[in-house]
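So the chains spell out like this:
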Amino acid sequence: MISEVHDSPTHPGRVSDTPPDGSPTHVPLAQKWTTHKAESKLINPANRRKYTVIVVGSGLAGAAAAATLSEQGYNVKCFCYQDSPRRAHSIAAQGGINAAKNYQNDGDSVHRLFYDTIKGGDFRARESNVHRLAEVSVQIIDQCVAQGVPFAREYGGLLANRSFGGTQVSRTFYAAGQTGQQLLLGAYAALNKEIHQGLVKMYSRTEMLDLVVVDGHAKGIVVRDMVTGKISTHAGDAVLLCTGGYGNVFYLSTNAKGCNVTATWRAHKRGAWFANPCYTQIHPTCIPVSGDYQSKLTLMSESLRNDGRCWVPKRKEDCGKPPASIPEEDRDYYLERKYPSFGNLAPRDIASRAAKEQCDDGRGVGPGGLGVYLDFADAIKRLSEGKIRERYGNLFEMYEQITGENAYKQPMRIYPAVHYTMGGLWVDYNLMSNIPGLHVLGEANFSDHGANRLGASALMQGLADGYFIIPATLPNYLAGQKPGQFTSEGPEFRAAEESARERTRRLLSINGNRSVASFHRELGLLIWDKCGMARTREGLAEALKKIPDLREQFWKNVRVPGSGDSFNQELEMAGRVADFLEFGELLCLDAHTRDESCGGHFRMEHQVEGEADRDDANFSYVSAWEYTGDPGKSKLRKEWLDYEVVHFSTRSYK
């Protein structure tokens with residue numbers, strides 16, 4: 001079902017029924033954020049104490065938002081399913097965080113970061129949000145340095161930068177190969193200060209099960225205590241979802257096993273639009289799969305491609321030979337050959353497809369031929385092993401612990417894997433969804449990356465949303481709300497809580513003979529095969545036929561042992577996989593509907609010389625899906641992307 005109502009100004013005859021993004025329309029792009037902040041509503045500091053804000057998730061976006069809003073005077077309740085906020089998945093980010101500081105004096109600027117991000121997303125991101133992100137990036141670094149984040153420094157003491165894919169400047173700030181961990185510890189310290197002062201109430205080991213909507217507004221959540229099994233409700237004046245992405249729908253991904261789609265999917269079923277679910281990012285630099293029953297994959301930071309060179313043997317018969325025995329003239333440095341301007345720092349979607357292309361050609365290395373080499377020999381010769389160890393030492397150690405191979409002595413073997421999701425709940429310029437009061441931050445929303453995220457931009461977005469954007473935009477909603485108007489004793493809260501209890505009872509009562517993991521694995525491998533790096537109309541149609549059948553089998557034959565009244569990880573996973581079985585169908589429906597190639601969405605029918613072939617005339621819109629009770633019959637709303645500064649062009653990195 002595709003709903004089209006209002007004329008789109010730059011697409012005559014094309015129409016859209018999504019509201020405008022909410023950014024100022026009467027000012028140039030470069031002044032939109034400053035103007036919007038000046039025109040936004042304010043709440044008296046004394047009155048802020050009357051409002052309660054619920055924050056779900058304690059990663060970079062959640063911890064930053066909770067700490068900052070609490071510092072401003074709001075009452076904050078923060079929920080996470082980990083045993084501590086410091087174990088949020090943001091801690092796993094490795095390579096760095098972008099900011100347009102131009103410390104290297106190499107031509108960087110806010111406009112260049114903005115344009116690189118729009119181009120990197122294959123012209124499928126909202127212009128106003130991306131420019132704001134580029135503006136705010138320069139403040140993030142100052143904030144984090146003030147918190148004590150130990151960024152790498154040059155010999156003279158200035159902050160160091162390195163390059164990442166899709167750019168020709170050095171704008172990525174980093175802390176060895178553990179940037180996400182250090183940034184999260186900074187946000188965690190800020191959050192802990194507020195917890196200690198009693199201004200943030202932290203609920204760890206607590207999972208959100210549902211959103212409570214009262215009179216059309218988000219006013220609370222239903223949660224389960226993962227230790228005791230107790231299901232309860234919490235009321236607030238606004239709800240912020242900071243719950244990350246949905247990459248684990250593919251089963252094998254670089255995400256932690258606990259990462260899931262449940263919070264955003266349950267909000268979607270309460271009326272929030274899900275935008276661009278087919279935009280999933282495949283990271284080119286991961287350790288290859290080692291067995292059929294492997295449960296997750298491990299990321300090797302994109303930063304390694306600053307000094308590592310990707311290659312495969314030119315001849316298929318050389319693939320089984322030790323890499324050191326293959327002479328230089330018999331090696332194909334395929335990224336340097338295909339994309340001479342960017343070389344090994346081509347964007348992730350392009351580098352991933354290039355690696356797959358080599359392996360499909362029979363020139364992959366390692367078990368099953370699913371790998372390419374990432375070779376540091378030249379960099380070690382040029383810089384010394386000590387310098388490489390200084391830059392990437394923990395990554396090399398991790399690689400050796402997993403593979404048993406010393407990457408200082410022989411090339412790493414890497415292969416693409418699911419890493420990040422650009423899709424998420426639809427939000428306006430205030431980061432509010434179409435449900436008033438429900439705000440969505442970080443990877444959980446769709447707004448900043450289009451069809452492909454550039455490396456080192458995830459940490460940038462999470463901290464921008466939490467530290468700088470939501471504190472300025474949330475009052476636009478709260479100022480019109482009477483604080484404390486609803487309590488968890490209301491009928492909507494009781495109904496949502498009972499619905500969550502019934503769902504738990506149903507899962508426990510099936511008593512079938514298949515494990516939760518077996519359904520998850522089957523679903524994930526199906527979606528990876530039909531909706532992974534390459535997609536076809538026929539393959540997507542096949543997936544759309546099989547997923548409902550698999551979902552039906554799940555609800556008839558899954559076995560969830562134990563009870564709901566205590567610690568039960570199988571029950572937790574069953575709820576998440578049940579959501580993946582619904583969400584996976586919407587993901588494939590979105591990919592099937594978007595009959596073009598762009599960024600991470602590569603339809604085999606739409607390519608020119610192996611590169612993505614966009615259709616700007618018909619598909620330059622955000623797909624905003626409305627739940628109708630059946631994922632396969634979701635209603636599509638289109639937000640047309642109307643650019644005022646950027647002009648559509650062929651995305652080339654050659």
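What comes next is a walk through the structure. The model shown is predicted, which means the values in this text are computed figures rather than measured ones.

### Notes on the pattern of salt bridges
- Per the counting criterion, the structure on display carries 58 salt bridges.
- Of the charged contacts, one joins Lys 32 and Glu 644 as a salt bridge, the two residues approaching to 3.6 Å between their closest N and O atoms. Of this pair, Lys 32 sits in helix H1 (residues 32-39) while Glu 644 sits in the segment after strand E24 (635-640), and the two are 612 residues apart along the sequence.
- The partner of Asp 332 in a salt bridge is Arg 363, with the nearest N and O atoms 3.1 Å apart. In this pair, Asp 332 is assigned in strand E16 (residues 331-332) and Arg 363 in the loop between helix H9 (348-360) and strand E17 (372-375), connecting sequence segments 31 residues apart. Of the two residues, Asp 332 and Arg 363, neither departs from the other in class, the shared state being buried.
- In the salt-bridge network here, residues are joined through shared partners; they are Asp 122, Arg 124, Arg 594, Glu 596, Arg 614 and Asp 616.

### Thoughts on the packing of helix H15 (residues 537-557) against helix H16 (residues 569-593)
- H16 packs onto H15 with a crossing angle of 160° between their chain directions and a minimal axis gap of 9 Å. With respect to H16, the element H15 is oriented roughly antiparallel. Two packed elements cross with a definite hand, and for H15 against H16 that hand is left-handed. Residues Arg 537, Leu 540, Ala 541, Ala 543, Leu 544, Ile 547, Pro 548, Leu 550, Arg 551, Phe 554 and Trp 555 of H15 touch H16, and the partners they reach there are Ala 574, Val 577, Ala 578, Leu 581, Glu 582, Gly 584, Glu 585, Cys 588, Leu 589, Ala 591 and His 592.
- Taken together, the residues of the contact of H15 with H16 sort by class into 16 nonpolar, 2 polar and 4 charged.

### What to know about the sheet that holds strand E9 (residues 206-214)
- Reading across from one edge, E9-E10-E11 is the order of the 3 strands in this open sheet, with antiparallel pairing throughout. The sheet terminates laterally at E9 and strand E11 (231-235), the two strands that pair on one side only. Within this sheet the neighbouring strands show an average axis-to-axis angle of 30°, counted without direction.
- As judged from the 8 bridges shared by E9 and strand E10 (residues 217-225), these two strands associate in the antiparallel manner. Pairing of Val 214 across the sheet is with His 217, part of E10.

### Points about unusual backbone geometry
- Phi is positive for Ala 176, close to 50°, though the residue is something other than glycine.
- Judged by relative accessible area, which is 26%, Ala 176 ranks as partly exposed.
- Not every positive phi belongs to a glycine, and Tyr 251 is a case in point at roughly 70°.
- Position of Tyr 251 among the secondary structure elements: in the loop between strand E12 (238-241) and helix H7 (262-269).

Calculation notes
Note that residues are indexed from 1 along each chain, following the sequence as it is written. Local features in a predicted model are, by the rule used here, given only for residues with pLDDT of at least 70; side-chain atom pairs are given and counted only at 80 or more, and totals for whole chains, interfaces and linings are based on all residues. Heavy atoms throughout the structure, all of them, feed into the side-chain values; hydrogens and water do not. By definition, a salt bridge exists where a carboxyl oxygen of Asp or Glu is found within 4 Å of a side-chain nitrogen of Lys or Arg. Helix and strand assignments follow DSSP, with helices taken as H or I runs no shorter than four residues and strands as E runs no shorter than two, numbered in order from the N terminus. Buried, partly exposed and exposed residues are distinguished by accessible area as a fraction of the type maximum, computed with a 1.4 Å probe on protein chains only: under 20%, between the cut-offs, and over 50%, respectively. To define axes, lines are fitted to C-alpha atoms, for helices over the stretch in contact only, and angles between the resulting N-to-C directions are given on a 0 to 180 degree scale. In these notes the angle categories are as follows: under 35 degrees is roughly parallel, over 145 is roughly antiparallel, 65 to 115 is roughly perpendicular, and the rest is oblique. Working rule for handedness: look at the near helix, and if it is turned counterclockwise from the far one by less than a right angle, call the crossing left-handed; if clockwise, right-handed. Whether two residues are in contact is decided by their heavy atoms: any pair within 4.5 Å suffices. By the convention adopted, Pro, Cys, Tyr, Trp, Phe, Met, Ile, Leu, Val and Ala count as nonpolar, Lys, Arg, Asp and Glu as charged, and the other residues, Gly among them, as polar. Two strands are said to pair when DSSP picks up at least two bridges between them.

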